[in-house]
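If you want the building blocks of each chain, they are given just below.
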Amino acid sequence: TASALKDIISHAKEYGFVFPSSEIYDGLQAVYDYGQNGVELKNNLKNVWYKAMTMLNDNVVGLDAAIFMHPLTWKASGHVDSFNDPMIDNKDSKKRYRADTLLEERAAALEDEGKATEAKALMQAMAKGLDAGDLEAVRQLIIDQNIKCPVSGTANWTEVRQFNLMFSTQVGAVSEDASLIYLRPETAQGIFVNFLNVQKTGRMKVPFGIAQIGKAFRNEIVARNFIFRMREFEQMEMQFFVRPGTEMEWYNTWKETRMKFHQAIGLPADSLKFHDHDKLAHYANAAVDIEYKFPFGFKEMEGIHSRTDFDLKAHQELSKKKQQYFDPEINQNYIPYVVETSVGADRLFLAILCNAYTEETTGEGETLKQRVYLNIHPALAPTKVAVLPLVKKDGLAEKAQEITNQLKFAFNTTYDDGGAIGKRYTRQDLIGTPYCVVVDYQTMEDQTVTVRDRNTMTQERISIADLKEKLGYAVSM
Ligand code: ATP
């Protein structure tokens, strides 16, 4: 429900996960900053993904390509000519909308009214118009359906125009002839243009992959749903280069591997599903999304695409540099086919947060207790362990500090002696810390501490000497 997302947004802000960008100036639409806990969670997420790609697969290596690229890159990739959204403006409110979103929402409303056939016909007519580039036909559908602007309440629409989603800027001194360049709208092209560099210097043999994490920028018009759709975001992409004809095999392999990954980091199987594309992008011969059940519905989190040789071939044509690989097994030169897995770090972050946010009621009557905690996989949690002295006096604080110093080189450990112990547990629950280590009077006698589990709230006594190993095991993947 919508209210659940609202709770998550305010929780994310209140506990240092995500802040609106430049908030003191009232923010910047569709741009967000990650706070002290958010950055830890996001870094953990990126590390787990990167390791899953490069360490678990001996034929996948990393790359960190620049955000700026030669402008012809985006000509070759098709982004200059076809990375567009059809936009329509309302003449009264001067608000701009995505024409396809207006029609999709209308179709959803028709469906709710039980007019499924009409809804389907509308979507088909829209797809036909967009495919043919007939923007007037798309506008006519909006007029025929009498779709009104949510702000002005009128149906006074302009024509439909294609709007390119790439941000551009100038390189070089302004006075000289500076040339127009783009902020990359996807990280994938940095991988394609380095395909031969990596293949040759790494002596890579097809099939092999290149994985990369980095910022991407899109001038999204309909920016909604918090960090789900941002203008500046981060992608985790992997391009897997294969021998032509074997791409479907690899496509299916990666599909399954990626689904397993999401489950391994704690997303429940029933909140994930595959969604096959009916309509394929210009570069793909098969495409599927992994969708997560966000509070606003099942929505794309990751895309897995069989991109054929579209990109490398286009780069070969435009750069006049051969993008071929000599396959010693079959004694042939060819441009490899590519299977891509592309997941948004921010969308995955949002999925983790939505899944983790737990409101719990225990007991009844006098013992009734309500709490909120984040059920984040321990390996992803911003802080792994909080060390808490029961009281500050009698050497307990010093002992707790000593334990903190022993653990903090192994994993993220914090020390907290502020306020009642219950309050301190709550603080850790709210940011998803899986374990609280408490130093009490017994500690001073037998060198044991209690370890409290975030989810079950149960406590176990263990020896200080075993802490590092036991907790280290519990907080790893
Ligand atoms: P959508 O249909 O939601 O706009 P897309 O199909 O254009 O997404 P891709 O180009 O396949 O997305 O990008 C791969 C991944 O990058 C997406 O699955 C998503 O996780 C992430 N992503 C894309 N656009 C954004 C954005 N504006 N904000 C945050 N993440 C994004």
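Worth saying up front: this structure is predicted, and the values here are computed from it rather than measured.

**Q** Any chance you could break down the sheet that holds strand E13 (residues 297-308) for me, citing the residues and the numbers?
**A** Spatially, E3-E9-E10-E16-E13-E12-E11 is the arrangement adopted by the seven strands of the open sheet, whose pairing is mixed. Edge positions in the open sheet fall to strand E3 (60-63) and strand E11 (272-276), since each of these has one partner strand only. Within this sheet the neighbouring strands show an average axis-to-axis angle of 25°, counted without direction. When strand E12 (residues 286-294) meets E13, the two strands line up antiparallel, connected through nine bridges. For Glu 291, the partnering residue across the bridge sits in E13 and is Glu 300.

**Q** Can you break down the site of the ligand residue by residue, with the values?
**A** Contacts to the ligand come from 16 residues, most closely from Phe 233, Gly 303, Ser 342, Gly 344 and Arg 347. Listing elements by their share of the shell around the ligand, those giving two or more residues are strand E10 (232-242), E13, strand E16 (337-344) and helix H12 (345-356). Per-element tally for the shell around the ligand: the top contributor is E13, with four residues. For the shell around the ligand, a count of residues per class yields four nonpolar, four polar and eight charged.

**Q** So, the packing of helix H13 (residues 396-407) against helix H16 (residues 464-474): which residues are in play, and what are the values?
**A** Direction vectors running N to C along H13 and H16 enclose 35°, while the axes themselves pass 10 Å from each other. Here the hand of the crossing between H13 and H16 comes out right-handed. Here Ile 403, Gln 406 and Leu 407 of H13 come into contact with H16, specifically with Ile 464, Leu 467 and Lys 468. Taken together, the residues of the contact of H13 with H16 break down into four nonpolar, one polar and one charged.

**Q** Can you tell me about the domain arrangement of the protein, naming the residues and giving the values?
**A** By the assigned domains, the protein splits into domain 1 (2-67 + 185-354), domain 2 (84-164) and domain 3 (383-474). Each of domain 1 and domain 2 was reduced to a C-alpha centroid, and the two centroids are 29 Å apart.

**Q** Help me get a handle on the confidence of the model for the protein, residues and values and all.
**A** Here the protein averages 95 in pLDDT, and 98% of its residues register 70 or above. Interface confidence in the predicted complex, given as ipTM, is 0.98; pTM for the same model is 0.91.

**Q** Account for the UniProt feature "binding site: substrate" (unreviewed entry) in the protein, naming residues and giving values.
**A** Here the UniProt-annotated "binding site: substrate" (unreviewed entry) positions come out as Arg 98, Glu 186, Phe 233, Glu 234, Gln 235, Met 236, Glu 237, Glu 340, Thr 341, Ser 342, Val 343 and Gly 344. Spatial dispersion of the annotated residues is evident: they stretch over 247 residues in sequence, and the largest pairwise C-alpha distance comes to 27.2 Å. Note on placement: Gln 235 falls in strand E10. Residue Gln 235 is classed as buried on the basis of its 21 C-beta neighbours within 10 Å. Apart from residues lying up to four places away in sequence, Gln 235 is in contact with Glu 186, Thr 187, Gly 214, Ala 216, Ser 342, Gly 344 and Ala 345. Here Val 343 is to be found in strand E16. When the 25 C-beta atoms within 10 Å are taken as the criterion, Val 343 is described as buried. Every residue in contact with Val 343, bar those within four places of it in the chain, is listed here: Met 236, Met 301, Glu 302 and Leu 348.

**Q** Any chance you could break down unusual backbone geometry for me, citing the residues and the numbers?
**A** Going from Val 206 to Pro 207, the amide bond is cis rather than trans, its omega being 5°. Within the fold, Pro 207 resides in the loop between helix H9 (195-201) and strand E9 (208-217). Phi is positive for Asn 146, close to 55°, though the residue is something other than glycine. Counting through the fold element by element, Asn 146 comes out in the loop between helix H7 (135-144) and strand E6 (157-164). Asn 146 gets classed as exposed once you count the C-beta atoms within 10 Å, which come to 8. Although it is not a glycine, Arg 203 adopts a positive phi angle of roughly 50°. Relative to the helices and strands, Arg 203 resides in the loop between H9 and E9. You can call Arg 203 exposed: it has 7 C-beta atoms within 10 Å.

Parameters and conventions
Sequence order as written defines the numbering, with residues in each chain counted from 1. Totals for whole chains, interfaces and linings use all residues, but because this is a predicted model, local features are given only for residues with pLDDT of at least 70 and pairs of side-chain atoms are given and counted only at 80 or more. The criterion for strand pairing is that DSSP finds at least two bridges linking the strands in question. Elements are defined by DSSP. Helices are runs of H or I of four residues or more, strands are runs of E of two residues or more, and each kind is numbered from the N terminus. Lines fitted to C-alpha atoms define the axes, with helix axes restricted to the stretch in contact, and inter-axis angles between N-to-C directions lie between 0 and 180 degrees. Being near a molecule or strand means, for a residue, that its C-beta atom, positioned from the backbone, comes within 6 Å of it. Ten residue types, Ala, Val, Leu, Ile, Met, Phe, Trp, Tyr, Cys and Pro, are classed as nonpolar, four, Asp, Glu, Lys and Arg, as charged, and the remainder, Gly among them, as polar. By convention the crossing between two helices is left-handed if the near helix lies anticlockwise of the far one by an angle smaller than a right angle, and right-handed if it lies clockwise. By the convention adopted here, residues make contact when the C-beta atoms placed from their backbones lie within 7 Å. Either an automatic procedure or a domain database provided the assignment from which the domain bounds are taken. pLDDT is defined as a per-residue confidence score from the predictor, taking values between 0 and 100. UniProt positions are given in the numbering used here, feature names are shortened, and annotations may be inferred rather than shown by experiment. Once C-beta atoms are placed from the backbone, each residue is buried if 20 or more other C-beta atoms lie within 10 Å of its own, exposed if 12 or fewer, and partly exposed for counts between those two.

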